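Understanding the architecture of this molecule
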Amino acid sequence: MKDLKKIFGNGNTSSLRQLGILVSLVIIILLFNGLTDGLTISPTNLINVVQQNSYILILAIGMVMVIIAGHIDLSVGSIAAFTGIIVAKLMNDFHVPWGLAIVAGLVLGLIIGAWQGFWVAYVGIPAFIVTLAGMMLFRGLNQFVGNADSVPVPDGYQALLSGYLPEVGPDTGYNNLTLLLGIIAIAAVIWREVRARRTAVRTGAELAPIWVAILRLVLLIAIIAFATFMFAGGRVGTSFPNSGIILVLLVLIYSFVTRRTIVGRHIYAVGGNKRAAELSGVKAKRINFLVMMNMSMLASLAGMLYIARAGASGPQDGINWELDAIAAVFIGGAAVAGGIGTVPGSIIGGLVMAFLNNGLQLLGVGSDKVLMIKGLVLLAAVAIDVINKNSGRFSVIGALTARRNKSGDELGIPVNKS
């Protein structure tokens, strides 16, 4: 059983927690697939789910870093809407090339993030208050700049950010670039497993049995191959969405940043125990400034992706996006107190909410009932963990706290273990 657990990571409680979230996602998908007579797991629906939720998942990437640092950001939906109307105006009214407009949107996000980060990091105003003010400020600016009207965006802009991988090469009955993307993903998984085993041998670390590595590879390759054929086999003209590619790249980049870089470790240290981190030489103000600025930049990117898919920017863009992003992060295992959370966990949490919402819509459930069910799911996800922690059973927060404390000890950063 000890070796079997290593199929899903290192066999520790954190890995098992990631497995638990993933199993919940699979159960939800299979349940709704049965209830909808196979509509949930169909190429068209899977492509739609990625397109409809990519901007929320991008927000979740930034939000988990904000929450790990011990803050919250309520302004991301308004920032996305404000950036969207600015970018749409630049292209529609001033005929700015869409490439420059995208760059301008990202720069605007960085400026907004620097504004909010200054108040949080260097003035000391709680992020809740700063971003609550930002939510109202940038929502008002969106309506002021756009005059409460919709502003269309060019076709080229839509094709870039909301289009699909193009059709190239011979007619195979599938989208060849999507197939190539799947092959690259499979090769990367195999290379990662081989590299991990070589590193373990070189450092003298404990190795999982070879059958565990082979079984893990078989499972991962099967999942990737299935998803590849689903996305590549959609109706003519569709394939894996460009927004999905942007999302995958961001997940890879931010997973590396949070796990493998000094900045990522410092974010966890500040969220776990700010005072102890500062005594260890961590520049907490700089870290808080960076996470707030990064969040606003990703919010701007999410807003640009949304208007590309919608074809226009409007006054209702971004409403309640922050709530969906926060829900994804907490379902993915983050803690309200900070110091705990992962990018992959937040993405899985976001997919849980995405397929729950999608499945209920396919069943014709009204929007009022969908909101109630999503609220109960979020409450249940956190309540179960808290109850388990208080009763001494396996707990997400307890498990991840133990891992965080271990990481802090390894870095020589004292952490609060009370």
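That block above? That's the structure.
Because the structure is predicted, anything quoted here is derived from the model rather than measured.

Criteria and thresholds
Residues numbered from 1 in each chain as written. Predicted model: local features only at pLDDT ≥ 70, side-chain atom pairs only at ≥ 80, totals over all residues. Heavy atoms only, no water. 1 Å grid on protein atoms, 1.4 Å probe; cavity = no way out; pocket = protein on both sides within 12 Å on 5 of 7 lines; lining within 4 Å. Points joined across faces, edges and corners; volume = space filled by probe spheres on them. Helix = DSSP H or I, 4+ residues; strand = E, 2+ residues; numbered from the N terminus. Nonpolar A, V, L, I, M, F, W, Y, C, P; charged D, E, K, R; others polar. Phe/Tyr/Trp six-rings, centres within 6.5 Å; stacked < 30°, edge-to-face > 60°. Buried < 20%, exposed > 50% of the residue type's maximum accessible area, 1.4 Å probe, protein only. Axes fitted to C-alpha atoms, helices over the stretch in contact; angles between N-to-C directions. Parallel < 35°, antiparallel > 145°, perpendicular 65-115°, else oblique. Left-handed = near helix turned anticlockwise from the far one by under 90°. Contact = heavy atoms within 4.5 Å. Polar contact = N/O pair within 3.5 Å; in protein donor to acceptor, adjacent residues only side chain to side chain. Expected span 1.5 Å × (residues − 1). Arc of directions from axis to C-beta.

A closer look at the layout of surface pockets
Size it by volume and the second largest pocket reaches roughly 780 Å³. Elements with a contribution of two residues or more to the lining of the second largest pocket: α3 (43-68), α14 (321-331), α15 (343-362) and α16 (367-391). Looking at the lining of the second largest pocket residue by residue, the class counts come to 15 nonpolar, 12 polar and three charged.

So, the packing of aromatic side chains
As enumerated under the stated definition, the model contains nine aromatic pairs in all. Seen from their ring centres, tyrosine 306 and tryptophan 321 are 5.0 Å apart, and the 70 degrees between their planes marks the pair as edge-to-face. Linking tyrosine 306 in helix α13 (residues 284-310) with tryptophan 321 in helix α14, this pair joins segments that are 15 residues apart in sequence. Tryptophan 321 shares its class with tyrosine 306; the two are buried. Through a chain of ring-to-ring contacts, the aromatic side chains of Tyr55, Tyr306 and Trp321 assemble into a single cluster.

Some words on the packing of helix α8 (residues 176-203) against helix α9 (residues 210-232)
At a closest axis distance of 9 Å, the pairing of α8 and α9 adopts a crossing angle of 165 degrees. Viewed along their axes, α8 and α9 adopt a mutual orientation that is roughly antiparallel. In this structure, α8 crosses over α9, and the sense of that crossing is right-handed. Of α9, the residues touching α8 (which contributes Thr178, Leu179, Gly182, Ala185, Ile186, Val189, Ile190, Glu193 and Arg197) are Ile210, Ala213, Arg216, Leu217, Leu220, Ile221, Ile224, Thr228, Phe229, Phe231 and Ala232. Residue classes in the contact of α8 with α9 are distributed as 14 nonpolar, three polar and three charged.

Regarding empty space enclosed by the protein
Using the criterion set out here, one finds one cavity of 30 Å³ or more in the structure. Space inside the largest cavity adds up to approximately 40 Å³. Considering only residue class, the lining of the largest cavity consists of four nonpolar, four polar and one charged.

Quick notes on the side chain of serine 255
Mapped onto the elements, serine 255 comes out in helix α10 (residues 242-260). Since its relative accessible area comes to 11%, serine 255 is described here as buried. At a separation of 2.7 Å, a polar atom in the side chain of serine 255 contacts the main-chain carbonyl oxygen of valine 251. If we ignore the near neighbours within four places in the chain, the residues touching serine 255 are Val343 and Pro344.

Considerations on the environment of valine 218
Relative to the elements of secondary structure, valine 218 occurs in helix α9. Looking at valine 218, the relative accessible area reads 48%, which means it is partly exposed.

Some words on the environment of alanine 213
Summarising the element assignment, alanine 213 is placed in helix α9. Residue alanine 213 is classed as buried on the basis of its relative accessible area of 4%. Between the C-alpha atom of alanine 213 and that of glutamate 193, which follows or precedes it by 20 residues, the distance is 7.4 Å. The residues contacting alanine 213, other than those within four sequence positions of it, are Glu193 and Arg197.

Examining helix α6 (residues 127-146)
With 20 residues, α6 should cover 28 Å at 1.5 Å per step; its first-to-last C-alpha distance of 27 Å lies within 8% of that length. Of all the residues in α6, the buried ones are Ala127, Val130, Thr131, Gly134, Phe138, Arg139, Asn142 and Gly146. In an axial view of α6, the angular spread of the buried residues amounts to 160 degrees, which keeps them on one side of the axis. Opposite its buried face, α6 presents the exposed residues Met136 and Phe144, each directed more than 90 degrees away. On the buried face of α6, the contacting elements are α4 (76-92), α5 (98-123) and α13. In the stretch just after α6, asparagine 147 is the one whose phi turns positive, near 55 degrees.

Remember, this is a structural readout, not a statement about activity or role.
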